Number of protein chains: 2
Amino acid sequence: METLLPGPGPSADIMDPLCPSRVVFQRIGDKWASLVVQVLADGPVRFSELRKHVHVITPKVLTQTLRTLERDGLITRTVFAQVPPRVDYQLTALGESLLGPLTVLRDWAESNVPSILDARDAYDDARDGTLPEG
Amino acid sequence: METLLPGPGPSADIMDPLCPSRVVFQRIGDKWASLVVQVLADGPVRFSELRKHVHVITPKVLTQTLRTLERDGLITRTVFAQVPPRVDYQLTALGESLLGPLTVLRDWAESNVPSILDARDAYDDARDGTLPEG
DNA sequence: CCCCTTAGTATCTATAGGATACCGATGATT
DNA sequence: AATCATCGGTATCCTATAGATACTAAGGGG
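Rules used throughout
- Residues numbered from 1 in each chain as written.
- Chains lettered and ligands numbered in written order.
- Predicted model: local features only at pLDDT ≥ 70, side-chain atom pairs only at ≥ 80, totals over all residues.
- Heavy atoms only, no water.
- Near = heavy atom within 4 Å.
- Polar contact = N/O pair within 3.5 Å; in protein donor to acceptor, adjacent residues only side chain to side chain.
- Helix = DSSP H or I, 4+ residues; strand = E, 2+ residues; numbered from the N terminus.
- Phe/Tyr/Trp six-rings, centres within 6.5 Å; stacked < 30°, edge-to-face > 60°.
- Lys NZ or Arg CZ within 6 Å of the ring centre and 35° of its normal.
- Core = buried A, V, L, I, M, F, W, Y, C linked by side-chain atoms within 4.5 Å.
- Buried < 20%, exposed > 50% of the residue type's maximum accessible area, 1.4 Å probe, protein only.
- Contact = heavy atoms within 4.5 Å.
- Salt bridge = Lys/Arg side-chain N within 4 Å of Asp/Glu carboxyl O.
- Nonpolar A, V, L, I, M, F, W, Y, C, P; charged D, E, K, R; others polar.
- Least-squares fit on C-alpha atoms with pLDDT ≥ 70 in both.
- pLDDT = per-residue confidence, 0-100.
- Arc of directions from axis to C-beta.
- Pairing = 2+ DSSP bridges.
- Axes fitted to C-alpha atoms, helices over the stretch in contact; angles between N-to-C directions.
- Buried area = accessible area lost by both parts, 1.4 Å probe.

S.K.: Would you take a moment to explain the protein's contact with DNA strand D for this structure?
M.R.: Taken together, 20 residues surround DNA strand D, and among them K60(A), S48(B), R77(B), P85(B) and Y89(B) come closest. Atoms of DNA strand D within 4 Å of the protein: sugar and phosphate make up 68%, bases the balance. In this structure, a phosphate oxygen belonging to DNA strand D sits 3.0 Å away from a side-chain N or O atom of R46(B). Between DNA strand D and V87(B) there is a distance of 3.2 Å, counted from a phosphate oxygen to a backbone nitrogen or oxygen. Breaking the surface near DNA strand D down by element, the ones donating at least two residues are helix 4 (59–71) of chain A together with helix 3 (47–53), helix 4 (59–71) and strand 3 (86–91) of chain B. With 4 residues, the single largest contributor to the surface near DNA strand D is helix 4 of chain B.

Structure representation (structure tokens):
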């Protein structure tokens, strides 16, 4: 039932609600965090630019997301002593290491959109009365 | 600023809130959906078993999650005419195709737990007054 | 003096998630 | 025969999170 790996993190178990790996896993799955990370893939981006690229996120939620990513060591926050203010957000090495896994997931999502939309149509049709069978 | 891939899904853009790929991507990132899919990796599982394996999910939320996965064509729901009732949930081919990407992410999460916990400690220390610098 | 910019906060509301209780059907138990 | 246990959910209530919107601070320029 369980696969014990000899390498790194053999005791980590996503299914255990007390295991930090679950928290980490769900952080990645956060509605906005993974999008923010991907926007930062090409280098530092400032707050206002993030708002434009990750539409349509509200400033409050973007701030929350960035704080959490910073706290988890995935991004850094650099404040420039300017007016108007400038704050750059940038991936750390840890954050960059997440890009690969995220890309795999993103590719899956984008290439399977048609299948999923078809399934939805079929599902909705089946409960709209115009069901082809039954 | 944007990378257009020649392969599958060149028009899908996760950053576009109107693009279905974003919805799909965020569905994967759902707090429970990805855990459920991984529990179903080894074959059909019934409702009560899912509740045990994906702890600690409430029945209402598990039902919602399963309905959504079913609607999106990732799992099937099989009702057996028994008492007490038995309902099996099982991955479709589409659902199985998601296991690979999810495993990549899970491995990343489980192997990077220490780094993230360290970052959190450092972050929290820095705002507890006992900051080592400044 | 007022307006422009940026990077957020403050406040309020809407929606989703979570805790708990309950239901329907039936076989086993008492 | 009445009761209990099982299973797959619903119904109800409450809270936590997300979202919408307005506002602030700190200057520079007109």
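S.K.: Explain the packing of aromatic side chains to me, please; I cannot follow it from the model alone.
M.R.: Working definition: an aromatic ring pair is given by the centre-to-centre distance plus the angle between the planes. Per the stated rule, a full pass over the model turns up 0 aromatic pairs over all chains. Above the plane of the ring of F80(B) lies R86(B), whose end atom (NZ or CZ) is 4.3 Å from the centre.

S.K.: Explanation requested: the nonpolar core in the structure shown.
M.R.: One broad rule of soluble globular proteins: the nonpolar side chains tend to lie buried together. Core analysis: the largest hydrophobic core is formed by 66 residues, its most contacted members being L50(A), W108(A), L50(B) and W108(B). Look past the residues within four positions of W108(B) in its chain and what remains in contact with it is V24(A), I28(A), L74(A), L94(A), S97(A), L98(A), P101(A) and I116(B).

S.K.: What's the story with the pattern of salt bridges in this structure? I'm lost.
M.R.: Any two side chains of opposite charge can pair, on the condition that their charged atoms come close. Applying the stated rule across the entire model yields 14 salt bridges over all chains. Between D88(B) and R86(B) there is a salt bridge, and its shortest N-O distance comes to 2.9 Å. Residue classification places R86(B) among the partly exposed residues on the basis of a relative accessible area of 28%. Salt bridges here are not isolated pairs; linked through shared partners, they connect D13(A), R106(B) and E110(B).

S.K.: I keep staring at the protein's contact with DNA strand C and nothing clicks. Help me out?
M.R.: Every one of the 21 residues lining DNA strand C counts as a neighbour, but R77(A), P85(A), Y89(A), K31(B) and K60(B) are closest to it. Close to the protein, within 4 Å, the atoms of DNA strand C belong to sugar or phosphate groups at a rate of 69%. Contacts to DNA strand C include R77(A), whose side-chain N or O atom sits 2.5 Å from a phosphate oxygen. Listing elements by their share of the surface near DNA strand C, those giving two or more residues are helix 3 (47–53), helix 4 and strand 3 (86–91) of chain A together with helix 4 of chain B. The dominant element in the surface near DNA strand C, judged by the number of residues it contributes, is helix 4 of chain A, at 4 residues. Its residues assigned to classes, the surface near DNA strand C shows 10 nonpolar, 4 polar and 7 charged.

S.K.: Any chance you could explain the relation of the copies chain A and chain B here in plain terms?
M.R.: To go from the first copy of the chain to the second, apply a rotation about an axis and then a shift along the same axis. Between the two copies, chain A and chain B, the superposition gives an RMSD of 0.1 Å; the rotation angle is 180° and the shift along the axis is 0.0 Å. What we have between these two chains is a two-fold relation. Of the C-alpha atoms belonging to chain A, the one lying closest to the rotation axis is found on G29(A), 1.9 Å away. The residues that chain A uses at the interface reappear at the interface of chain B in 100% of cases, marking a shared surface.

S.K.: How should I be thinking about the confidence of the model for chain A in this particular structure?
M.R.: Detailed reading of the predicted coordinates is not advisable wherever pLDDT is low. Residue and element names in this part refer to chain A. For chain A, per-residue confidence averages 86 on the pLDDT scale, and residues scoring 70 or more make up 87% of the total. Mean pLDDT values over the elements of chain A span from 81, in helix 1 (residues 20–28), up to 98, in strand 3. Within the model, the stretch residues 1–10 combines pLDDT values under 50 with 6 contacts to residues more than four positions away or in other chains.

S.K.: Mind showing me how you'd approach helix 1 (residues 20–28) of chain B here?
M.R.: Since one α-helical turn is 3.6 residues long, residues separated by three or four positions face the same way. Here helix 1 of chain B has its buried residues at S21(B), R22(B), V24(B), F25(B) and I28(B). Around the axis of helix 1 of chain B, the buried residues are gathered within 160° of arc, so they sit on the same side. Packing partners of the buried residues in helix 1 of chain B comprise helix 2 (33–39) and helix 6 (99–126) of chain A together with helix 2 (33–39) and helix 6 (99–126) of chain B.

S.K.: Whenever I open this one, the sheet that holds strand 1 (residues 45–46) of chain B confuses me. Can you help?
M.R.: Think of a sheet as strands paired side by side through backbone hydrogen bonds, with each pair either parallel or antiparallel. All names here are of chain B. One open sheet holds the 3 strands; their spatial order is 1-3-2, and the pairing between them is antiparallel. Here the strands that pair on one side only, and so sit at the sheet edges, are strand 1 and strand 2 (75–80). Contacts from helix 4 reach strand 2 and strand 3, with the element oriented near 115° to strand 2.

S.K.: Would you explain the interface of chain A and chain B in this entry?
M.R.: Many analyses report the size of an interface as the accessible area lost when the parts associate. In this assembly, 57 residues from chain A lie in contact with 57 residues from chain B. Together, the buried faces of chain A and chain B total about 5,200 Å²; carbon and sulfur atoms form 69% of this surface. Sorting the residues of chain A by area buried against chain B places M15(A), R71(A) and W108(A) first, and these three jointly supply 14% of that buried surface. Summed over the shared surface of chain A and chain B, the result is 6 salt bridges. D124(B) is the partner of R71(A) in a salt bridge, and the nearest nitrogen-oxygen pair spans 2.9 Å.

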